[in-house]
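If you want the building blocks of each chain, they are given just below.
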Amino acid sequence: MGFSEISCHCTKLVIIPLLFSEPISGSEKIRYMEYQKNNPRDILELLLTRVTGLEPAIYGVTGRRDNQLRYTLRKSTLGSYTINEVLVNWLFWLPCTFFLLYTACKESTMQEAIMLFFLNIANPFLDTFANIASIVGEQTFVIAVIIYIYWNHDKKKGFTLFSSILFAVLSMGILKAVVRSPRPFQVLESIDGKRLETATGYSFPSGHTTTGAAFYTSLALAFRKRNFSIFCAIMMTLVGLSRLYLGVHWPIDVFAGLLLGILISFFAKQKLDSLYDQGEKRNRFALVFGLIMFASGLVMSILLNTHSIDAVAFTDLMKILALGAGGYLGFVFEEKKVDFCPQASRKLQIGRYLVGLIGVLVIMGAKVIIPESIDAIGGFVRYTLVGLWATGLFPFIGRSLRLFSGSR
């Protein structure tokens, strides 16, 4: 049995039952269909329509013969799709595709071939492009966007974005500490690795990909604009591909990061929105989780400073705990002492954003003055202060500077 035939059988066994595991809705009416046995193209056409909600002509499937898959969608279908329907389809069915990719790439020879492919196409232009794509999945960029939304647009969206991404990267950090997989440039002599300053922990799963997937999925769910959602899907894909191109992650790391970020953000969204609307419950949640993360991060930083635990496995996890602790405690502080309103003139919003962002950069830059002997504890303090500054301290100070207006 050839590879194409095996692929077709696997696709039928895994994908076809999933496609019909939910009823066909009125907005997705299939008038008639003939399925030609062992025809992967027919299955692919159906899968694309089921996942995207777009008509086949949009992605170039044309010129069908009578003995191939035939179906028509109502002309109003595309216009009648809500952004929620499109997102649910993408975020639910996409992991099924990743599962198939995972089974194909779990063999080391396949992973090595993919890494060597990116090595062979490397050139200065793609180097620059990959570096930029990697940056838009890094903590500094993500923090900068979240605080803009929180300070200037919508506090609820800011809280949900922060929490969704925190849960995803916290899960990623725990998996890294448990699995402790080496990176490609540490295993393959032909892979030198680029942008190695961002490859600080173990390989599985990809931290940049997890962060990017959680960030862009959360943004798409928060704003629910069709074109923006497509943009977010492209961006998270580029982040993952950039990590492969730069030689710092295996394909399986990227697939796992995409799955982790997308699924956690998707399932956390509704719960977090509901939680935010319950003020006292939200404050108790933030206080309890903030204190737990603060204590865990502090203990971890002390153990790191005394070289009692693996620094490669636990340094990034400690920073995540510190950032989460500061952020959640800051939410509680802001609610009790400030309760600011993000709406203001555009000039004032830009001014407070720039002042607040400078504060974040100053705190992060304080690393240069921290003695190496207390580097881990210093890192814990810095990341805790970044979270606390973003969600609580800066709005509190900014109100005195008339950068924020509070109801209290």
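Structure's up top.
Just so we're clear, the structure is a prediction, and the values are computed from it rather than from any experiment. (Residues numbered from 1 in each chain as written. Predicted model: local features only at pLDDT ≥ 70, side-chain atom pairs only at ≥ 80, totals over all residues. Heavy atoms only, no water.)

Caption draft 1: Expanded view of the overall build of the protein. From N to C terminus, the protein includes 16 helices and two strands. The 408 residues of the protein split such that 48% are buried. In the protein, of all internal contacts separated by at least 6 residues, the share reaching a separation of at least 24 is 79%. Summing over all exposed atoms, the protein offers an accessible surface of approximately 19,900 Å²; the carbon and sulfur share of this is 66%. (Helix = DSSP H or I, 4+ residues; strand = E, 2+ residues; numbered from the N terminus. Buried < 20%, exposed > 50% of the residue type's maximum accessible area, 1.4 Å probe, protein only. Contact = heavy atoms within 4.5 Å. Areas by Shrake-Rupley, 256 points an atom, 1.4 Å probe, with all protein chains shown as cover.)

Caption draft 2: Structural detail: the packing of aromatic side chains. Under the defined criterion, the tally for this structure stands at 26 aromatic pairs. Judged by centre distance (6.2 Å) and plane angle (55°), the ring pair of Phe 159 and Tyr 328 falls under tilted. Separated by 169 residues along the polypeptide, Phe 159 in helix H8 (residues 155-179) and Tyr 328 in helix H14 (residues 311-337) bring together distant segments of the chain. Of the two residues, Phe 159 and Tyr 328, neither departs from the other in class, the shared state being buried. (Phe/Tyr/Trp six-rings, centres within 6.5 Å; stacked < 30°, edge-to-face > 60°.)

Caption draft 3: Structural view of the pattern of salt bridges. Scanning the model with the defined rule gives nine salt bridges in all. For Lys 155, the salt bridge is made with Glu 334, and the minimal N-O distance between the two is 3.1 Å. With Lys 155 in helix H8 and Glu 334 in helix H14, the pair connects residues that are 179 residues apart, well separated along the chain. Using a relative accessible area of 9% as the deciding quantity, one classes Lys 155 as buried. A network of salt bridges, in which partner residues are shared, links Lys 155, Glu 334 and Asp 339. (Salt bridge = Lys/Arg side-chain N within 4 Å of Asp/Glu carboxyl O.)

Caption draft 4: Just the packing of helix H15 (residues 346-365) against helix H16 (residues 375-400), in detail. Two elements in contact, H15 and H16, have axes whose closest approach is 9 Å; the angle formed by their N-to-C orientations is 165°. Taken together, the axis directions place H15 and H16 in an arrangement best described as roughly antiparallel. For the crossing formed where H15 meets H16, the hand is right-handed. Here H15 contributes Arg 352, Val 355, Gly 356, Gly 359, Val 360, Ile 363 and Met 364 to the contact with H16, which in turn contributes Arg 382, Tyr 383, Leu 385, Val 386, Trp 389 and Phe 394. Partitioning the contact of H15 with H16 into residue classes produces nine nonpolar, two polar and two charged. (Axes fitted to C-alpha atoms, helices over the stretch in contact; angles between N-to-C directions. Parallel < 35°, antiparallel > 145°, perpendicular 65-115°, else oblique. Left-handed = near helix turned anticlockwise from the far one by under 90°. Nonpolar A, V, L, I, M, F, W, Y, C, P; charged D, E, K, R; others polar.)

Caption draft 5: Examining the side chain of Thr 160 more closely. As for its position among the elements, Thr 160 is in helix H8. Residues contacting Thr 160, with those up to four places away along its chain left out, are Lys 269, Leu 272 and Asp 273.

Caption draft 6: Molecular detail of helix H13 (residues 279-305). The end-to-end C-alpha distance of H13 is 38 Å, a good match for the 39 Å that 27 residues give at a rise of 1.5 Å each. Buried within H13 we find Arg 282, Asn 283, Phe 285, Ala 286, Gly 290, Met 293, Gly 297, Met 300, Ser 301, Leu 304 and Asn 305. Residues of H13 that are buried make contact with H8, helix H12 (251-276), H14 and H16. Looking one or two residues beyond H13, the residue adopting positive phi is His 307, at roughly 60°. (Expected span 1.5 Å × (residues − 1).)

Caption draft 7: Structural view of the environment of Gly 173. Assignment of secondary structure puts Gly 173 in helix H8. On a C-alpha basis, the gap between Gly 173 and Phe 204 in space is 9.3 Å, while along the polypeptide they are 31 residues apart. The contact partners of Gly 173, leaving out residues within four places of it in the chain, are Leu 317 and Ile 320.

Caption draft 8: Quick look at helix H11 (residues 226-245). An ideal rise of 1.5 Å per residue puts 28 Å on 20 residues; H11 measures up with 29 Å between its terminal C-alpha atoms. All of the buried residues in H11 are Ser 229, Cys 232, Met 235, Met 236, Val 239, Gly 240, Ser 242, Arg 243, Leu 244 and Tyr 245. Backbone geometry just downstream of H11 places Gly 247 in the positive-phi region, at approximately 75°.

Caption draft 9: Expanded view of the packing of helix H10 (residues 207-223) against H12. Interaxial distance between H10 and H12 falls to 7 Å at its minimum, and their mutual angle equals 35°. As H10 packs across H12, the resulting crossing turns out to be right-handed. Here Thr 209, Thr 210, Ala 213, Ala 214, Thr 217, Ser 218, Leu 221 and Ala 222 of H10 lie close against H12, whose contacting residues are Val 254, Gly 257, Leu 258, Leu 260, Gly 261, Ile 262, Ser 265, Phe 266 and Lys 269. Taken together, the residues of the contact of H10 with H12 sort by class into nine nonpolar, seven polar and one charged.

Nothing here speaks to function; it is all geometry.
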